[in-house]
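# Residue-level structural notes
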Amino acid sequence: MSPVTFAPGVKDELGTEKLFKNMLGKVYTVRGFDKYGNVELQPKPLNTVWVEPEFLKLCARRRKPR
């Protein structure tokens, strides 16, 4: 993960850096795509993030045992 930077005087009041660090290495279901091709993920019930596809790794869905 590249360092998170904010404009001078802007603080990370929403916990963006912490949220993204917490998401590293975990698997999420793609919820959709925006008009720029970014992937919509929902790591927590009230959090939605959009990530550029080049920062994600596709994982195959596991089959449920019959």
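Up top is the structure.
In this report, the structure presented in the accompanying data block is examined. (Residues numbered from 1 in each chain as written. Predicted model: local features only at pLDDT ≥ 70, side-chain atom pairs only at ≥ 80, totals over all residues. Heavy atoms only, no water.)

### Structural notes on the nonpolar core
Soluble globular proteins tend to bury their nonpolar side chains together. Of all hydrophobic cores here, the largest spans six residues; its members are Leu-19, Met-23, Val-39, Leu-41, Val-49 and Val-51. Where this core is concerned, the elements lending two or more residues are helix H1 (16–23), strand S2 (39–44) and strand S3 (47–51). For Val-39, the residues in contact, after removing those within four places along its chain, are Val-30, Gly-32, Phe-33, Val-49, Trp-50, Val-51, Pro-53 and Leu-56. (Core = buried A, V, L, I, M, F, W, Y, C linked by side-chain atoms within 4.5 Å. Buried < 20%, exposed > 50% of the residue type's maximum accessible area, 1.4 Å probe, protein only. Helix = DSSP H or I, 4+ residues; strand = E, 2+ residues; numbered from the N terminus. Contact = heavy atoms within 4.5 Å.)

### Describing the pairing of S2
Pairing analysis gives two bridges linking strand S1 (residues 32–33) to S2, with the strands arranged antiparallel. The residue bridging Phe-33 from the neighbouring strand is Val-39, located in S2. In sequence, S1 turns back onto S2 through a hairpin of five residues, with Gly-37 there showing a positive phi of about 90°. Pairing of S2 with S3 involves four bridges; the strand directions are antiparallel. Residue pairing for S3: Glu-40 is matched across the bridge by Trp-50. The antiparallel hairpin formed by S2 and S3 contains two residues in its connecting segment. (Pairing = 2+ DSSP bridges.)

### Some points on the environment of Phe-20
Considering the arrangement of structural elements, one finds Phe-20 in helix H1. Look at Phe-20 and you get partly exposed, because its relative accessible area is 26%. In the structure, Phe-20 is positioned 23 residues away from Pro-43 in sequence and 9.3 Å away in space, judged by C-alpha atoms.

### Looking at the sheet that holds S3
By definition, the strands of a sheet pair up through backbone hydrogen bonds, in either a parallel or an antiparallel sense. Pairing within the open sheet is antiparallel, and its three strands lie in the order S1-S2-S3. Sheet topology places S1 and S3 at the edges, where each strand pairs with a single neighbour.

### With respect to the pattern of salt bridges
Between side chains of opposite charge, pairing is possible as soon as their charged atoms come close. A full pass over the atoms with the stated rule returns one salt bridge. Among the ionic pairs, Glu-17 bridges to Lys-21, the shortest N-O distance being 3.4 Å. Taken together, the residues span about one helical turn, with Glu-17 and Lys-21 both in helix H1 at a distance of four residues. (Salt bridge = Lys/Arg side-chain N within 4 Å of Asp/Glu carboxyl O.)

### Points about the environment of Val-4
Mapped onto the fold, Val-4 is located in the segment before H1. Owing to a relative accessible area of 29%, Val-4 belongs among the partly exposed residues under this scheme. As a C-alpha pair, Val-4 and Phe-20 span 16 residues in sequence and 9.6 Å in three-dimensional space.

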